[in-house]
Amino acid sequence: MDGPLYEQIYNHVLEKIKSGELQSGTRVPSEKELADQFGVSRITSKKALEMLSANRLIERVQGKGSFVADGLPELGEALQAPAKGPQSWKLVGLILPDFADSYGLRLIHGVEERCSELGGRMLMKITYDKREEEEAAIRSFLQLGVDGFIIFPVHGEHYNSELLRLVLDKHPLVFVDRYLKGLAACSVYTDNRAAAYDITKYLLDRGHSQIGFISLPIENTSTIEDRIQGYTDALIQHGQRLNPQHLMTNLYSSIPRSFEERNVQVDFENVKKFVELNPELSSFVVVEYNLALILREVLLSMGKDIPGECSIVCFDSPRNPFNKFLFTHVSQDEFAMGQRAVELLQQQWESKGVPFNNTVPYTIIKGDSTN
């Protein structure tokens, strides 16, 4: 049998009804029984049963199961292959914490464009980096019948239960921007360790030996962990000793809905204290663009010349048609990340094996913050 797995289950049950093997009032195999029989998730078998119910072929009774309907409609070709008509395209649910021109916007463009090229549709929900919003988004998208998920996970130490259920049920799913440690799931991301190594080496090659690192809290987030590791690798391989006092990982204002005047001012004061406590630092690696903006304002308020006295490098930047950038930065190919995520979903729909770890290229772009 060809076609998506839920169609195969639908047509399997339909043929048994048409042949008389399943007659009116007969119990239909449950979601679990069909999932076990076809080797699919219960989400897939549930979708097939819901489509059979929508076509008045079965009746679903709460707490008892599904039964072949009385007074069946004409069992002709019209009921075969339900994917025709409005079901001919795939529905992709994109869930992400937030987006900006500096990072996220081109990721969305990549997902939407590739969906359209493959004849699909995209739904999108912003979680504002809140785990409960992420859980609610997954539940609502399942109710809407999405065929696959692309999820930019929230920042934090723990994974939400709905996300874990998607992985365990083997629902078509791709994580973007990061991988989740301990979960056997498909992810597309930048090689953050290599990128952080290269951007730190960029500073080392220009004579900087005292380099600070400024970040959000780590909180089991692979993106930040890998960037710290890349920074550390570069220092060690260039004969520098890692000084823990040169790492600052307690800033919050770049988390969605936190880049507000009050939170920015708190981070501004904390960054200023960090710089004052480490006057030997002549350059900084910053994990996000908004945090680099705060550091720049701190240095300028202290009368520092950028890049004469201090250099700043960071990850990501708003696009500029004239190629003039405030910061030297790692430019992630987020458009390719979005497109690749859709392609990996397509492979899962076709029951093809997909690699768990998929990386996209990055480049280092010179800006005004370094010599």
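Residues numbered from 1 in each chain as written. Predicted model: local features only at pLDDT ≥ 70, side-chain atom pairs only at ≥ 80, totals over all residues. Heavy atoms only, no water.

*Asks:* Run through the pattern of salt bridges, naming residues and quoting values.
*Replies:* Under the counting rule described, the total for this entry stands at 20 salt bridges. Measuring nitrogen to oxygen at the nearest pair gives 3.2 Å for the salt bridge that ties R165 to E162. Here the residue R165 and the residue E162 both occupy positions in helix α6 (residues 161–168), the gap between them amounting to three residues, near one helical turn. Relative accessible area serves as the criterion here: at 41%, R165 is assigned to the partly exposed category. (Salt bridge = Lys/Arg side-chain N within 4 Å of Asp/Glu carboxyl O. Helix = DSSP H or I, 4+ residues; strand = E, 2+ residues; numbered from the N terminus. Buried < 20%, exposed > 50% of the residue type's maximum accessible area, 1.4 Å probe, protein only.)

*Asks:* An account of the packing of aromatic side chains is needed here, citing residue identities and associated values.
*Replies:* Per the stated rule, a full pass over the model turns up five aromatic pairs. Measuring from ring centre to ring centre gives 5.2 Å for Y179 and Y189, while their planes differ by 55°; the resulting arrangement is tilted. Here the residue Y179 occupies a position in the loop between β7 (173–176) and β8 (186–190), and Y189 occupies one in strand β8, the gap between them amounting to 10 residues. Taking 5.7 Å as the distance between ring centres and 75° as the angle between the ring planes, the aromatic pair formed by Y289 and F327 counts as edge-to-face. Pair noted here: Y289 is in helix α10 (residues 289–301) and F327 is in the loop between β12 (311–315) and β13 (328–332), with a separation of 38 residues, a long-range link. Since its relative accessible area comes to 14%, Y289 is described here as buried. Above the ring of Y202, the side-chain terminus of R206 is found at 3.5 Å from the ring centroid. Taking the ring centre of F315 as reference, the NZ or CZ of R227 above it sits at 3.7 Å. (Phe/Tyr/Trp six-rings, centres within 6.5 Å; stacked < 30°, edge-to-face > 60°. Lys NZ or Arg CZ within 6 Å of the ring centre and 35° of its normal.)

*Asks:* Just give me the short version of the sheet that holds β12, but keep the residues and values in it.
*Replies:* Taken in spatial order, the six strands of this open sheet run β10-β9-β11-β12-β13-β15, and their pairing is mixed. At either end of the open sheet lies a strand with only one pairing partner, and these are β10 (247–248) and β15 (362–365). Pairing geometry for strand β9 (residues 211–214) and β10, over two bridges, is parallel. Each residue of the ladder has a partner; that of F213, found in β10, is L247. (Pairing = 2+ DSSP bridges.)

*Asks:* Tell me about the environment of M51, and please be specific about residues and values.
*Replies:* Among the structural elements, M51 can be located in helix α3 (residues 42–54). The exposure class assigned to M51 is buried, which follows from its relative accessible area of 12%. In this structure, the C-alpha to C-alpha distance between M51 and Q245, residues 194 residues apart in sequence, is 60 Å.

*Asks:* An account of helix α11 (residues 334–349) is needed here, citing residue identities and associated values.
*Replies:* The end-to-end C-alpha distance of α11 is 23 Å, a good match for the 22 Å that 16 residues give at a rise of 1.5 Å each. Looking at α11, one finds that the buried residues are E334, M337, G338, Q339, A341, V342, L344, L345, Q347, Q348 and W349. Within two residues after α11, S351 carries a phi angle of roughly 60°, on the positive side. (Expected span 1.5 Å × (residues − 1).)

*Asks:* Pulling in residues and values, what's your account of the packing of helix α2 (residues 31–38) against α3?
*Replies:* Interaxial distance between α2 and α3 falls to 8 Å at its minimum, and their mutual angle equals 115°. Seen from above, α2 lies across α3 with right-handed handedness. Contacts from E31, K32, L34 and A35 of α2 reach α3 at R42, S45, K46 and L49. Across the contact of α2 with α3, the residue classes tally to three nonpolar, one polar and four charged. (Axes fitted to C-alpha atoms, helices over the stretch in contact; angles between N-to-C directions. Left-handed = near helix turned anticlockwise from the far one by under 90°. Contact = heavy atoms within 4.5 Å. Nonpolar A, V, L, I, M, F, W, Y, C, P; charged D, E, K, R; others polar.)

*Asks:* Give a detailed account of helix α5 (residues 131–143), specifying residues and quantitative values.
*Replies:* Counted at 1.5 Å a residue, the expected span for α5 with its 13 residues is 18 Å, and the 19 Å between its end C-alpha atoms agrees. Residues E134, E135, A137, I138 and F141 constitute the buried set of α5. End-on, the buried residues of α5 take up no more than an arc of 160°, which puts them together on one face. G145 occupies a position one or two residues after α5 and carries a positive phi of about 80°. (Arc of directions from axis to C-beta.)

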